[in-house]
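Listed below, chain by chain, are the residues.
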Amino acid sequence: MKINRINFNQGISISDIKINDKPQNRFAGLDEQPVQLTNISKTDVLNTPSQKPVENSAVSNFPNWIMPAHGRLSSAYGWRIHPIQKTRKWHNGIDIANNTGTEIKAPAAGHVYYVGYENNYNGNTIRIDHGIVNGVKVESVYIHLQGFNVSRGHDVKQGQVIGFMGSTGNSTGPHLHVSIYEGKRGNDVNPFKYIDKSKY
Ligand SMILES: [Zn+2]
């Protein structure tokens, strides 16, 4: 498995990629249907029309973040029928459902740069800047929170409790929505590119 360069400039096109010598048309409909790649632990990297190239170095050290909360993975990253609007929408993160008040932990160290009620969609929100991770600027966001355990400007460690699960904003029940963004433009990526599902 070797990725030299991935180019997503126009919709989705992938060049210079060889996966077990299978033809490139394997990737037709890439954004509709997640592909299963062998010999790569970061299948998520290819699941979405990311705007930026994927570097080998960025793949090799992931994932080492912990899960931000205990609970049921109630919605995956990718296309879904929106539970309230009933239309097909891009879900730019993952949802973890559990009881109101469930602790939410920082999955990795970072600098808290926003804490507050952001808008009627996100509700109570925390945003963390994780700095440069393997050459890429990375940020994470936690929405629909019941309450907060940090303030803006705090530096947090991995595993530190930052807030509590709730259902504020546009939400059908208590859950945490987590998104992870890369680069200056803040392109969403599958959080499991960074988070190890088995680590808490
Ligand atoms: Zn969500």
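The structure this text deals with has already been given above.
The structure displayed is predicted, hence computed values, not measured ones. Here the residue numbering is sequential within each chain, running from 1 through the sequence in written order. Since the coordinates come from a predicted model, pLDDT governs what is reported: local features require at least 70, and pairs of side-chain atoms require 80 or more to be given and counted, while whole-chain, interface and lining totals use all residues.

**Digging into the overall build of the protein chain**
Elements are defined by DSSP. Helices are runs of H or I of four residues or more, strands are runs of E of two residues or more, and each kind is numbered from the N terminus. Looking only at helices and strands, the protein chain features 1 helix and 15 strands. A buried classification covers 31% of the 200 residues belonging to the protein chain. Here, residues touch in the contact sense if the C-beta positions derived from the backbone fall within 7 Å of one another. Of the contacts formed within the protein chain by residues at least 6 apart in sequence, a portion of 60% connects residues at least 24 apart. Residue burial here comes from a neighbour count, namely the number of other C-beta atoms, placed from the backbone, that lie within 10 Å of the residue's own C-beta, with 20 or more meaning buried, 12 or fewer meaning exposed, and in between meaning partly exposed.

**Regarding the sheet that holds strand E7 (residues 103-105)**
Here, any two strands with at least 2 DSSP bridges between them count as paired. Spatial ordering of the open sheet is given by E7-E13-E11, a layout of 3 strands whose pairing is antiparallel. Strands at the two margins of the open sheet, each flanked by one partner only, are E7 and strand E11 (147-148). Bridge count between E7 and strand E13 (residues 161-164): 3 bridges; the pairing is antiparallel. Paired with Glu-103 across the two strands is Phe-164, which belongs to E13.

**What to know about the pairing of strand E4 (residues 78-81)**
Across 4 bridges, E4 lies against strand E5 (residues 88-91) in antiparallel orientation. Bridged to Trp-79 within E5 is Trp-90. Taken together, E4 and the strand that follows it, E5, pair antiparallel across an intervening segment of 6 residues, in which Lys-86 is found at a positive phi of about 60°.

**Some words on unusual backbone geometry**
Note: most residues except glycine have negative phi, and most peptide bonds are trans. Phi at Lys-86 is positive, roughly 60°, even though this residue is not glycine. With respect to the helices and strands, the residue Lys-86 is situated in the loop between E4 and E5. The backbone phi angle of Asn-134 is positive, close to 50°, even though this residue is not glycine. Tracing the sequence through the fold places Asn-134 in the loop between strand E9 (124-133) and strand E10 (136-145).

**Quick look at the nonpolar core**
A set of buried residues qualifies as a nonpolar core if it consists of Ala, Val, Leu, Ile, Met, Phe, Trp, Tyr and Cys joined through C-beta atoms within 7 Å. In terms of nonpolar packing, the biggest core is built from 30 residues, with Ile-104, Ile-126, Tyr-142, Leu-145 and Leu-176 touching the most fellow members. Elements with a minimum of two residues in this core: strand E6 (94-97), strand E8 (110-117), E9, E10, E13 and strand E14 (175-182). Looking at which element gives the most residues to this core, the answer is E10, with 5 residues. Residues within four places of Leu-145 in sequence aside, it is in contact with Ile-104, Gly-123, Asn-124, Thr-125, Ile-126, Gly-163, Phe-164, Met-165, Gly-166 and Thr-168.

**Re the environment of Ile-143**
Here Ile-143 shows up in strand E10. Judged by C-beta crowding, with 25 C-beta atoms within 10 Å, Ile-143 ranks as buried. The spacing of Ile-143 and Gly-169 is 26 residues in sequence and 8.1 Å in space, taken between C-alpha atoms. Beyond its immediate stretch of four places on either side in the chain, Ile-143 contacts Asn-122, Gly-123, Thr-125, Gly-169 and His-177.

**Some details on the environment of Ser-179**
Following the sequence through the fold, Ser-179 ends up in strand E14. You can call Ser-179 buried: it has 21 C-beta atoms within 10 Å. The sequence separation of Ser-179 and Tyr-142 amounts to 37 residues, and the corresponding C-alpha distance is 6.9 Å. Once you skip the residues sitting within four places of it in the chain, Ser-179 turns out to touch Asn-92, Gly-93, Ser-140, Val-141, Asp-188 and Pro-191.

**Quick word on the environment of Arg-127**
If you trace the backbone, Arg-127 turns up in strand E9. Judged by the 21 C-beta atoms lying within 10 Å of it, Arg-127 falls in the buried class. Sequence separation between Arg-127 and Val-178 is 51 residues, and the spatial gap between their C-alpha atoms is 9.9 Å.

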